[in-house]
Amino acid sequence: MVQRRGAQRGWLGIDLGTQSVRAVLVDDEGVILGSASVPLESSRPAEGRHEQDPERWWAAVAEACQSAMAEAGPAEVGGLACCATSGTILLTEPTGEDPVRPLTPALMYDDARAQEQGERVRAAIVPAWREAGLTPQRTWALPKALWLMEHERPPRHARLTHQADLINSRFLGRPAATDTSHALKSGADPARGTWPTDDLTRLGLAPELLPPLVWPGATLGEVSARAARATGVPSGTPVVAGMTDGCAAQIAAGVLDVGRWQFSVGTTLVLKGASTALLRDPTGALYSHRGPDGAWWPGGASSAGTVPINKEFSPESFDAFTRAAAKHEPSPQVAYPLGGLGERFPFHNPDAHAIALGVANSDGERFAALLQGVAFVERLCLDLVTTLGATVDGPVTLTGGATRSTYWTQLQADILGRGVVVPGIAQGAVGMAILAAYARGDRPSATSAPSPPPPEAASGPRPQNAFGGDLAGTGDLAGVAKRMLGPTRSYDPRPGGTQRFAEPYARLVGELRRREWIGTELERTALEGLGE
């Protein structure tokens, strides 16, 4: 790392999203020294296909880093980490000058071309996935990787590359190992930190295609002189293995203590939390990453969210309809607000569709039903993880665009029956800056692949990190996050607020059970949670 007399020290976080790249330099106390965002563009060459140009990723990362470093002024960079979308992959090959020359476009996380391969993967009996509570979905990275193998016929020296891998490799000037978080949807075993190579080979994915694996937080190497010239990040800066964008947002929200849970409310509804025990969901609706601190980070993504609101109401009318919605608690209509066909969480049903029980007699009642419906789905998500054996303690953290509405945030506290907290900044790039600070604060660097722990690791023992040590207990990720995160806003349920919504929630749960979209155990947990 380049030392500069009198310079501030910061930690660089990079969030490689779908629509933009964001780079943020954050100091040890959470002060943002510099930040920048650069847009990205996608192409959709056919129905169900979504691609991006991988070269544009690196150009945008370089531009964003240059701008963030320039805004910060003279600054030491203690380390950097990158998050990216979960399930985005491409094939690359090394050349004399480029460690990761793209051979294919990047198939984005929601690219749906690999339907046949997805069915083959779902039908495969892979013990490592079953032990880790994983049920692969058709849009995961592994089916897309098989599609590329069958349609592109890559050379033998080709390599499966995740979105973050390309950026890390360009920073290092050589092919980088991939972290188990980004590799989870490519078939990696999150309990042992290894590839189930025999099973992947049977599916058609040759072992030589697979990058070596490390745990999130492992140090991959240092920024090369060439990358330093392109990005403005000092050469010699440690490059830390990151996590997916959802996990990065979880770090930035500070939801790292066991029993704490976070909802990100936007076009979709995403739940993240922390657990000492691996939660196994037989439906596959919920699955877990392994955190850099050794804890399990379970989560799931619902197709419910703001899409129906945006379809039925213009943004200019939201304030007026919010005031109208406050007069309808509860609304005479009970809604399960899906944005399209199919639901992934808190239950998995590809044929599920939006539900409206009762009649909304005005736009205000309909708007109220949709706001309340999202909160009902949130409550059902918490009831599901409770059914699976998780602890649900303390307030729930809320992030996403919906937190701009004070009324809606308060409504969620009422319906959930517990306090909610809204963090000041919950950006994935900030989460990666926190991870870099945690990883480089008290541990050595390493580049080798992890040593697989014994088979019982899936049920209890802590994972081995990339340099053979016990990752859990060597640092306090939650403590680092608390130090670097800013103030929060808190909302407690209003007196009588939770009871007002007990009957409509029970009615919705009963309808979901009648349709057999949920089972009797989840129904029982949901109704018992309502008390009298």
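Anything mentioned here points back to the structure above.
Residues numbered from 1 in each chain as written. Predicted model: local features only at pLDDT ≥ 70, side-chain atom pairs only at ≥ 80, totals over all residues. Heavy atoms only, no water.

### Concerning the packing of helix H8 (residues 245-253) against helix H13 (residues 428-441)
Reasoning step 1: Packing of H8 against H13 brings their axes to within 7 Å, and their N-to-C directions diverge by 75°. Considered as vectors, H8 and H13 are oriented roughly perpendicular to each other. Residues Ala248, Ala249, Ile251 and Ala252 of H8 touch H13, and the partners they reach there are Gly428, Val430, Gly431, Met432, Ile434 and Leu435.
Reasoning step 2: A per-class count over the contact of H8 with H13 returns eight nonpolar, two polar and no charged. (Axes fitted to C-alpha atoms, helices over the stretch in contact; angles between N-to-C directions. Helix = DSSP H or I, 4+ residues; strand = E, 2+ residues; numbered from the N terminus. Parallel < 35°, antiparallel > 145°, perpendicular 65-115°, else oblique. Contact = heavy atoms within 4.5 Å. Nonpolar A, V, L, I, M, F, W, Y, C, P; charged D, E, K, R; others polar.)

### Comments concerning empty space enclosed by the protein
Where empty space is left in the structure can be found by rolling a water-sized probe over the atoms.
Reasoning step 1: For the structure on display, the rule yields one cavity of 30 Å³ or more.
Reasoning step 2: If you go around the largest cavity, the residues you meet are Thr92, Val100, Arg159, Leu160, Thr161, Asp165, Ser169, Ala176 and Pro211.
Reasoning step 3: Those elements that provide at least two residues to the lining of the largest cavity are strand S9 (159-162) and helix H5 (163-172).
Reasoning step 4: Tallied by class, residues from the lining of the largest cavity come to four nonpolar, three polar and two charged. (1 Å grid on protein atoms, 1.4 Å probe; cavity = no way out; pocket = protein on both sides within 12 Å on 5 of 7 lines; lining within 4 Å. Points joined across faces, edges and corners; volume = space filled by probe spheres on them.)

### Some remarks on the packing of aromatic side chains
Reasoning step 1: Across all of its chains, the model carries ten aromatic pairs by this definition.
Reasoning step 2: Measuring from centroid to centroid gives 5.7 Å for Tyr336 and Phe347, while their planes differ by 50°, and the two rings are tilted. Here the residue Tyr336 occupies a position in strand S18 (residues 334-336), and Phe347 occupies one in the loop between S18 and strand S19 (355-357), the gap between them amounting to eleven residues.
Reasoning step 3: A network of ring pairs unites the aromatic residues Phe313, Phe318, Phe321 and Phe367 as a single cluster.
Reasoning step 4: Above the ring of Trp147, the side-chain terminus of Arg113 is found at 4.8 Å from the ring centroid.
Reasoning step 5: The lysine or arginine in question, Arg515, covers the ring of Trp517, its NZ or CZ lying 5.2 Å from the ring centre. (Phe/Tyr/Trp six-rings, centres within 6.5 Å; stacked < 30°, edge-to-face > 60°. Lys NZ or Arg CZ within 6 Å of the ring centre and 35° of its normal.)

### Considerations on the environment of Gly78
Reasoning step 1: Checked against the element boundaries, Gly78 lands in strand S5 (residues 75-84).
Reasoning step 2: When its relative accessible area of 7% is taken as the criterion, Gly78 is described as buried.
Reasoning step 3: Between the alpha carbons of Gly78 and Tyr287 there is a distance of 32 Å; along the sequence they are 209 residues apart. (Buried < 20%, exposed > 50% of the residue type's maximum accessible area, 1.4 Å probe, protein only.)

### A closer look at the nonpolar core
Reasoning step 1: The biggest cluster of nonpolar side chains holds 58 residues, and the ones touching the most others in it are Phe263, Tyr336 and Leu512.
Reasoning step 2: Here this core takes 14 residues from helix H11 (residues 363-387), the largest share from any one element.
Reasoning step 3: Setting aside anything within four residues of it in sequence, one finds Phe263 in contact with Leu269, Val270, Leu271, Glu378, Cys381, Leu382, Val396, Thr397, Leu398 and Thr399.
Reasoning step 4: Leu80, Met108, Ala177 and Val239 belong to the second largest nonpolar core, which has 43 residues in total. (Core = buried A, V, L, I, M, F, W, Y, C linked by side-chain atoms within 4.5 Å.)

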